[in-house]
Amino acid sequence: MEEPTIDVKGNFAVRVGKMWAGEESYSESVSLSEQPKQLCSFAKAATLAEKTGGSVVMFKPIDLTEEQIADLKLAATAANEK
């Protein structure tokens, strides 16, 4: 039987507590935000997780139904009105 392979090509981010870590461009500093600002390769995410003590999270694409898309459009419109 063939061993299952782990796909390291994907969209990864690093969670630190309730925040998300991101590397600052042009420097080696790390910033935290309430939402992930960047998705990166597994290798970068693993390095960032080690640096911050955070955990690697993989984002998998999902297909949205027409109803979910309509709900998201409505929510976005409501958010822009406030």
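A brief look at the structure comes next. Every value quoted in this text rests on a predicted model; they were computed, and no experiment measured them. (Residues numbered from 1 in each chain as written. Predicted model: local features only at pLDDT ≥ 70, side-chain atom pairs only at ≥ 80, totals over all residues. Heavy atoms only, no water.)

## Overview of the sheet that holds strand β3 (residues 30-33)
Where we set the bar: Following DSSP output, two strands are said to pair if at least two bridges run between them. In this text, helices come from DSSP runs of H or I with a minimum length of four residues, and strands from runs of E with a minimum of two, each type numbered from the N-terminal end. An axis is simply a line fitted to the C-alpha atoms; with a helix, the fit covers only the stretch in contact. Between two such axes, the angle follows the N-to-C directions and lies from 0 to 180 degrees. We call two residues in contact when some of their heavy atoms are within 4.5 Å.
Read from one edge of the open sheet, four strands run β3-β2-β1-β4, paired in antiparallel fashion. Edge positions in the open sheet fall to β3 and β4 (55-59), since each of these has one partner strand only. Ignoring strand direction, the axes of neighbouring strands in this sheet form an average angle of 45°. By the bridge criterion, five bridges tie strand β1 (residues 11-16) to β4 in an arrangement that is antiparallel. Among the inter-strand pairings, Arg-15 is bridged to a residue of β4, identified as Ser-55. In the packing of helix α1 (residues 42-52) onto the sheet, the strands contacted are β1, β2 (19-23), β3 and β4, and the crossing angle to β1 comes to about 5°.

## Here we look at the packing of aromatic side chains
Each aromatic ring pair is characterised by the separation of its centres together with the angle its planes make. As a reminder, the rule being used: Pairing of aromatic rings covers Phe, Tyr and Trp, the last counted by its six-membered ring, and requires centre-to-centre distances within 6.5 Å; plane angles under 30 degrees mean stacked, over 60 mean edge-to-face, and any other angle means tilted. We call a residue buried when its accessible area falls under 20% of the maximum for its residue type, exposed when it is over 50%, and partly exposed in between, using a 1.4 Å probe and counting protein chains only.
If you walk through the whole model with that rule in mind, you get two aromatic pairs. Residues Phe-12 and Phe-42 carry aromatic rings whose centres are separated by 5.5 Å and whose planes lie at 70° to one another, so their mutual orientation is edge-to-face. Here Phe-42 lies in helix α1 and Phe-12 lies in strand β1, a separation of 30 residues in the sequence. Taking relative accessible area as the criterion, Phe-42 reaches 35% and is therefore assigned partly exposed. Seen from their ring centres, Trp-20 and Phe-59 are 5.8 Å apart, and the 45° between their planes marks the pair as tilted. Residue Trp-20 is located in strand β2, and its partner Phe-59 is located in strand β4; the two are separated by 39 residues in the primary sequence.

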